Amino acid sequence: MVEFNFDGPPVGDAAADLSSECQRQLLPIVQETVQAAVAAGWNQKDVLLALVELAWDLYETHREDL
């Protein structure tokens, strides 16, 4: 299992790299999840779409908190 290494949010000029830092840390987890689902016979596109929908639902649910 992949582990996160979030020390704290980027500040100053590094804040522009927030998206790329999240992607760098989350991509291996997403890839591992999708690979495991595909190995179990799931459709890759369906799994990826479900992850997108999940992320969007989380965003919508917590949007007012932002």
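See the structure shown above.
Residues numbered from 1 in each chain as written. Predicted model: local features only at pLDDT ≥ 70, side-chain atom pairs only at ≥ 80, totals over all residues. Heavy atoms only, no water.

1. What about the layout of surface pockets?
- When its volume is computed, the largest pocket comes out at roughly 300 Å³.
- Taken together, the elements giving at least two residues each to the lining of the largest pocket come down to helix H1 (18-39) and helix H2 (44-62). (1 Å grid on protein atoms, 1.4 Å probe; cavity = no way out; pocket = protein on both sides within 12 Å on 5 of 7 lines; lining within 4 Å. Points joined across faces, edges and corners; volume = space filled by probe spheres on them. Helix = DSSP H or I, 4+ residues; strand = E, 2+ residues; numbered from the N terminus.)

2. Section: the packing of aromatic side chains
- Applying the stated criterion across every chain, the model contains one aromatic pair.
- With 5.1 Å between their ring centres and 35° between their planes, Trp56 and Tyr59 make a pair best called tilted. Of this pair, Trp56 and Tyr59 both sit in helix H2, three residues apart, roughly one helical turn.
- Looking at Tyr59, the relative accessible area reads 37%, which means it is partly exposed. (Phe/Tyr/Trp six-rings, centres within 6.5 Å; stacked < 30°, edge-to-face > 60°. Buried < 20%, exposed > 50% of the residue type's maximum accessible area, 1.4 Å probe, protein only.)

3. A word on H2
- With 19 residues, H2 ought to run about 27 Å at 1.5 Å a step, and its terminal C-alpha atoms sit 27 Å apart, in line with that.
- The opening residue of H2 is Asn43, an N-cap whose side-chain oxygen sits 2.8 Å from the backbone nitrogen of Lys45. (Expected span 1.5 Å × (residues − 1). Polar contact = N/O pair within 3.5 Å; in protein donor to acceptor, adjacent residues only side chain to side chain.)

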